[in-house]
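Breakdown of the fold
Each chain, letter by letter, is given below.
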Amino acid sequence: MVITSTWLMMLVQSIPFWAMLAMTFINFKIKKRFFCISNLALSYLTLAMFGSIFMVLCPRTGWPYVRLDAMLFLTVCFILLTLPALFFKDGKKDDQMEFIDIPDKAVQKISIGLIILTVPASVMSAIIAIPDMINFFRMGGNRGAFRDQLVDYGGGFSSLPQFLIQFGLSFGLIALFWLIYCIIFNKLDKWRIIFLAIGAMGPCVASLRIVNRSILLFNFFLVAIILFLLFGFIPEKRRKQTKRYVIVIVTILLIPFMAITIARFKSDIVYSIGSYFSTGPYSFNANFAARSEGGIKPLNGYLNIGWPQFIYDKLFGTDYYKKAEMYYDNYYYAGDAKRGTSPEVDLAYRSISGAYSSEFSTAIGCFIKDFHFAAVLGIVLLFSIFFSIYYYYSKRTISQVFVSAFFFYFLFQSSMFNQLKMKNGVFQIFLIAAFAIFLNLIQRKCTDCNAENLPAKR
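As the structure is a prediction and not an experimental result, all values here were calculated from the model.

1. So, the overall build of the protein
Within the protein one finds 21 helices and two strands. In the protein, which comprises 458 residues, the share counted as buried stands at 53%. A fraction of 80% describes how many contacts in the protein between residues 6 or more apart in sequence connect residues 24 or more apart. When the accessible surface of the protein is summed, it comes to about 21700 Å², and 68% of that surface belongs to carbon and sulfur atoms.

2. A short note on the layout of surface pockets
By volume, the second largest pocket is sized at about 1100 Å³. Within the residue set of the lining of the second largest pocket, elements represented by two or more residues are α14 (302-305), α19 (373-393), α20 (398-413) and α21 (422-453). With ten residues, α21 is the largest single contributor of residues to the lining of the second largest pocket. Residue classes in the lining of the second largest pocket are distributed as 22 nonpolar, nine polar and two charged.

3. Notes on the side chain of Asp346
Mapped onto the fold, Asp346 is located in helix α17 (residues 344-353). In contact with Asp346, other than residues within four places in its own chain, are Asn330, Ala334, Gly335 and Ser357.

4. Digging into the pattern of salt bridges
For the coordinates displayed, the defined rule picks out ten salt bridges. Put simply, Lys187 and Asp101 hold a salt bridge, and the shortest N to O gap is 2.9 Å. Of this pair, Lys187 sits in the loop between α8 (172-184) and α9 (190-200) while Asp101 sits in the loop between α4 (68-87) and α5 (104-138); the two residues are 86 residues apart in sequence, bridging distant segments of the chain. Lys187 sits in the buried class, given a relative accessible area of 11%. Notably, a salt bridge pairs Lys323 with Asp319, separated by 3.7 Å at the nearest N-O pair. Judged by its relative accessible area of 53%, Lys323 is exposed. The exposure class assigned to Asp319 is partly exposed, which follows from its relative accessible area of 36%. One continuous salt-bridge network, built from bridges that share partners, spans Arg67, Asp69 and Glu293.

5. Structural notes on the nonpolar core
Ranked by internal contacts, the top residues of the largest apolar core, which has 125 residues, are Trp178, Tyr181 and Ile364. Among all residues touching Ile364, those that are not within four sequence positions of it are Phe73, Leu74, Cys77, Phe78, Leu81, Phe284, Val376 and Val380. One finds Ala129, Met133, Cys204 and Leu216 within the second-largest nonpolar core, a separate group that totals six residues.

6. What to know about helix α15 (residues 307-316)
Residues of α15 that are buried include every one of Gln309, Phe310 and Asp313, and no others. Around the axis of α15, the buried residues are gathered within 100° of arc, so they sit on the same side. For α15, the exposed residues lying more than 90 degrees away from the buried face are Pro308, Leu315 and Phe316. Gly317 lies just past α15 and shows a positive phi near 70°.

7. Concerning unusual backbone geometry
At Lys32, a residue that is not glycine, the phi angle is positive and equals roughly 60°. Counting through the fold element by element, Lys32 comes out in the loop between α2 (15-31) and α3 (37-55). Phi is positive for Asn186, close to 55°, though the residue is something other than glycine. Here Asn186 shows up in the loop between α8 and α9.

8. A few points about the packing of aromatic side chains
Summed over all chains, the structure comprises 55 aromatic pairs. Ring geometry for Phe386 versus Phe387: centroids 5.0 Å apart, planes at 90°, classification edge-to-face. For Phe387, a relative accessible area of 14% corresponds to the buried category. Seen in terms of ring centroids, Phe402 and Phe435 are 5.0 Å apart; in terms of plane orientation they differ by 65°. Their pairing is edge-to-face. Here Phe402 is found in helix α20, whereas its partner Phe435 is found in helix α21, with 33 residues between them in sequence. Here the two residues Phe402 and Phe435 agree in accessibility, since each one is buried. The positively charged end of Arg60 is found above the aromatic ring belonging to Phe360, 5.5 Å away from the centroid.

Rules behind the numbers
- Residues numbered from 1 in each chain as written.
- Predicted model: local features only at pLDDT ≥ 70, side-chain atom pairs only at ≥ 80, totals over all residues.
- Heavy atoms only, no water.
- Helix = DSSP H or I, 4+ residues; strand = E, 2+ residues; numbered from the N terminus.
- Buried < 20%, exposed > 50% of the residue type's maximum accessible area, 1.4 Å probe, protein only.
- Contact = heavy atoms within 4.5 Å.
- Areas by Shrake-Rupley, 256 points an atom, 1.4 Å probe, with all protein chains shown as cover.
- 1 Å grid on protein atoms, 1.4 Å probe; cavity = no way out; pocket = protein on both sides within 12 Å on 5 of 7 lines; lining within 4 Å.
- Points joined across faces, edges and corners; volume = space filled by probe spheres on them.
- Nonpolar A, V, L, I, M, F, W, Y, C, P; charged D, E, K, R; others polar.
- Salt bridge = Lys/Arg side-chain N within 4 Å of Asp/Glu carboxyl O.
- Core = buried A, V, L, I, M, F, W, Y, C linked by side-chain atoms within 4.5 Å.
- Arc of directions from axis to C-beta.
- Phe/Tyr/Trp six-rings, centres within 6.5 Å; stacked < 30°, edge-to-face > 60°.
- Lys NZ or Arg CZ within 6 Å of the ring centre and 35° of its normal.

Put into C-alpha cells, the structure is as follows:
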C-alpha cells in the first residue's frame, strides 16, 4: 500500500523505530544497565530507524515513497535479527562470569600465522592504494570520475598475485580481533603487535584505492565492539596503556574516513553523514516495491551466498554466476552504457520513487535482492533461533567473545547493508566460523588437560 500524505508517510516509516525502541527498553530492563554492547547495538539501530523518518522529508535520491507492507516486513525481520541480543549475557547479574582464556603458547602460534597471512597482503595493498588516494584529492574529490580512471587489476581469481592479496586481506577482520585481544591481555611483544596491526589494517588500506569509507567505519565499529566485550576483563594496571593503543587505532581509522567525507561533500557534510546512517530503512521501501511489483528478478544467492553458483559454473561450464553478476551491475551502475549494463533495474527504481537503485537498503534489503520474501523470513528466523539458543547456553570464553564480536558487527551494519556479502564476504564468514570452531577446540583441549591434572578427590 503506497501512501501519499507526508505526515502519514512519516508515521508509517516510524514503525521500525518504535519496534527497536521497545526492544531497547526490554533489553535495558533485563540487563539493568545502559552501557553494555547489546544495549548500545539496539540503541544505535533505534537511532538509525529514527533518522529514517526524516529521510521522508529529504531523500538522498528521488521523491518521498513509503509502503506499509514494506515497513511491517522490515519490522518483523529486525525484531528477529535483534532478539538474540536479549539473551546475550552482559547484564549486571553477569558481571561475575569467569572468562576462560587459552594458553599463551597457542596465542603466540596463532599470532605468527596471522602475521604471515596478512602482512604481505597489507603492504602490497598500501603500495597500490596510497598513490591512487592521493590522486583522488588532486582531482578535487569527484569519486565517480576518479573511479572511472582507475586501473582494473581484476578479481581474486584473475591472477596469482591478486589471489594472494585477496586471500590475505580476507583474514583482516580476524587479525583485527586478535590484535585487540592481544593488546588487552598483553599477549605479544611490541614488534609482533606492530606487525599484527599492519596486517589487520590491510582491508582498510585496500579500501582507500576506491575511496570506500564503509570499511573504515565498520572496522571502527568492530574495534569498539571488541573493547566493550572485553572491557570487564582488562586488568586495572593495563587500562591506561590499552586506551593509548585504542586512541592510535581509532585515529588511524577516522582520519581517512573524515578526509574522504569532507572532500566529497564539503558544505553538505552534516546531511551526508546523517543520511549515511539512516537512509537504509527508508530505501527499503523502494527495494520491497522493486521485488514485489517492479518485475526485478532475484539474484538467487549471488549477493549473499554466491559461492555455490560460482563453484557450479567452474565445475560444469555454466554461466549462472556471471549472469547474476551482470544483473547486479544493473543495480550499482544504473544502466551505464560504458560498463555494458542494462537500464532495466534503474528504470524500475526511477518509476517507483525516482531513487538510485543502489542506495543502502539494510541487510534485509540485500536478502530480498537474492530471495523470495518467504525465504528471507526463513533465513532471519533460523538466524534468530540459532543465536538465541547459543547465547542462552554459552559461557564467557574467547571463542564466544569472538563469535559475539561478529554478531554485533553484523547488527551495527544491518541498518545499512550486509557488509559480508558476495564471494569474498561469504569466504570471510567461512573463515570466521572456522576460526571460532578452532578456538573452541583449543579451549576444550586445555580444559580436558587441566581436568586430568587435578588431584583425585578422596
